[in-house]
Each structure stands twice: as structure tokens, then as C-alpha cells.
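Coordinates in review
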Amino acid sequence: MRLAFAFLLLLAAPAVQARPLERELPPKANACWERSYDAAHLAKHPRQKVARIRLLHAPENWQPGEGGSVYVMLHINLRERVKPDQGFDYQLGGFCRAAGQGLLCRPEWDAGSWRIERGPNGALDIRNAGITANPDPYDAEEIADGAIRIPAKPDDGVWRLSPAAGPCRLE
């Protein structure tokens, strides 16, 4: 009996395994995660460049990539706002593949990489490995004039995001 149960578990195991973060970034539904850092946080991290960040997962707009990868877009505002009258100043999109319990994301051009992992209390952590973001909007798949480099060190190594309160769509 135990042998039969173990065999059934082995057969079911591949069907149960899902892409990491599938609940947070569902295959068929948009999902937005964001963070706006308050003045107190930024005062404690004076060399942090990012003041606001949003991760957008929009499978209705972007088809899965090679090997089942998913596409996500980062929208970013820096401490020093470039376009205060608009939503976001910079953007960077990339295809994300399973890497351990998280996703490793890279753009189609040489603009760095980041990881997405589960954080504490239902948050998502974005672990920056050094990225270059283009002015928003910029559609070409290359680094644009006016792009900004955001190194991980000293204070932009991890951005902790929560589910977005507002609408989740391309802006």
C-alpha cells in the first residue's frame, strides 16, 4: 500500500511543480507590485537612488518567452524626479526564468539583471545585480540616451515591494 502511494506521489510531482512565484505573478492575470520610499527611509539610506518602483507583470500584453520565461517591466522614479508631471521616469523590462525559489530576470540587451524572490509577510523582494534603465517611455531594445545606471551598492541592493493598491496596467 505504501509503495503504491509513493508511486502515485512520484507521478503527481511534475504536475504539482509550478514556476516559482506563480501565485504572485500568475500566468493569465496582470499583477503589480510597488513601493514608494518615504522620507524617513531615504534619510536612513542617503545613497539610495530609487524613491519609487513598480513591477508590472502583464501576460495579456506579453507572451511567455523561450523556455516558459515570463516578461516583467520595472518602472522607476529616482530621488531626483526627472519628469515630475508624469508617472514614472525610467523603465526596464526583462524575461525571467526560474532560478531556485525565485526568478532571474534579464533584458534582451546588456542592461544588467535582477532577481525576484518572496520576501517576508507577503512581500516581493527585487534583488538588484546592477541595472541600467531607459527613460520612460522608450520602446527600442537597446540602451537609450539618457539611461540611468542603478548599481546595487551601496543602497539599491534590495527593493521590497507590496501588492499595488491602484490599477494594474501598462502606463
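Residues numbered from 1 in each chain as written. Predicted model: local features only at pLDDT ≥ 70, side-chain atom pairs only at ≥ 80, totals over all residues. Heavy atoms only, no water.

Throughout the structure, instances matching the rule amount to eight salt bridges. Salt-bridge contacts for Arg 54 lead to Glu 34; the nearest nitrogen and oxygen are separated by 2.8 Å. Here Arg 54 is found in strand β2 (residues 50-57), whereas its partner Glu 34 is found in strand β1 (residues 31-36), with 20 residues between them in sequence. Take Arg 54: its relative accessible area is 5%, and that puts it in the buried class. (Salt bridge = Lys/Arg side-chain N within 4 Å of Asp/Glu carboxyl O. Helix = DSSP H or I, 4+ residues; strand = E, 2+ residues; numbered from the N terminus. Buried < 20%, exposed > 50% of the residue type's maximum accessible area, 1.4 Å probe, protein only.)

Time to look at the nonpolar core. Across soluble globular proteins, nonpolar side chains show a tendency to be buried alongside one another. Grouped together as the largest cluster of nonpolar side chains are 32 residues, with contacts concentrated most on Leu 25, Leu 55, Ile 76, Trp 114, Ile 116 and Trp 159. Excluding anything up to four places from it in sequence, Leu 25 contacts Arg 19, Ala 31, Trp 33, Leu 55, His 57, Val 72, Leu 103, Ile 116 and Leu 124. Ranked by size, the runner-up nonpolar core spans seven residues in total, among them Cys 32, Ala 58, Trp 62 and Met 73. (Core = buried A, V, L, I, M, F, W, Y, C linked by side-chain atoms within 4.5 Å. Contact = heavy atoms within 4.5 Å.)

The next subject is the side chain of Ser 113. Its location among the elements puts Ser 113 in strand β6 (residues 112-118). With sequence-adjacent residues up to four places away left out, Ser 113 is seen in contact with Leu 104, Cys 105, Arg 106, Asn 128, Ala 129, Gly 130 and Ile 131.

Now for the pairing of strand β5 (residues 102-106). Note on strand geometry: in a regular strand, side chains alternate between the two faces of the sheet. The pairing of strand β4 (residues 90-99) with β5 spans five bridges and is antiparallel. Bridge pairing in β5 places Ala 99 opposite Gly 102. Counted along the chain from β4 to the antiparallel partner β5, the turn is two residues long, and its residue Gly 100 has a positive phi close to 65°. With three bridges connecting them, β5 and β6 associate as antiparallel partners. Along β6, the bridge assignment pairs Cys 105 with Trp 114. Between β5 and β6, which pair antiparallel one after the other, the connecting turn spans five residues. (Pairing = 2+ DSSP bridges.)

This next bit is on the confidence of the model for the protein chain. Residue-level pLDDT values for the protein chain average 86, and 86% of them are 70 or greater. Here helix α1 (residues 2-16) stands out as the element of the protein chain with the lowest mean pLDDT, 43, in contrast to β6, whose mean of 97 is the highest. When the criterion is pLDDT under 50, residues 1-16 qualifies, and its contacts beyond four places in sequence or with other chains add up to zero contacts. (pLDDT = per-residue confidence, 0-100.)

The next subject is unusual backbone geometry. Of the consecutive residues Asp 136 and Pro 137, the connecting peptide bond is found in the cis state with omega at 0°. On the secondary structure map, Pro 137 appears in the loop between β7 (124-135) and β8 (148-150). Of the consecutive residues Lys 153 and Pro 154, the connecting peptide bond is found in the cis state with omega at 10°. Its place among the elements puts Pro 154 in the loop between β8 and β9 (158-163).

Examined bridge by bridge, β6 and β7 share six bridges and lie antiparallel to one another. Paired with Arg 118 across the strands is Leu 124, a residue of β7. Counting the residues in the hairpin turn of β6 and β7 gives five residues, including Asn 121, whose phi is positive at 55°.

This part takes up the environment of Ile 148. Note on placement: Ile 148 falls in strand β8. For the pair formed by Ile 148 and Thr 132, sequence separation is 16 residues and the distance between their alpha carbons is 5.5 Å. Discounting chain neighbours no more than four positions away, the residues touching Ile 148 are Lys 49, Leu 78, Tyr 90, Ile 131, Thr 132 and Ala 133.

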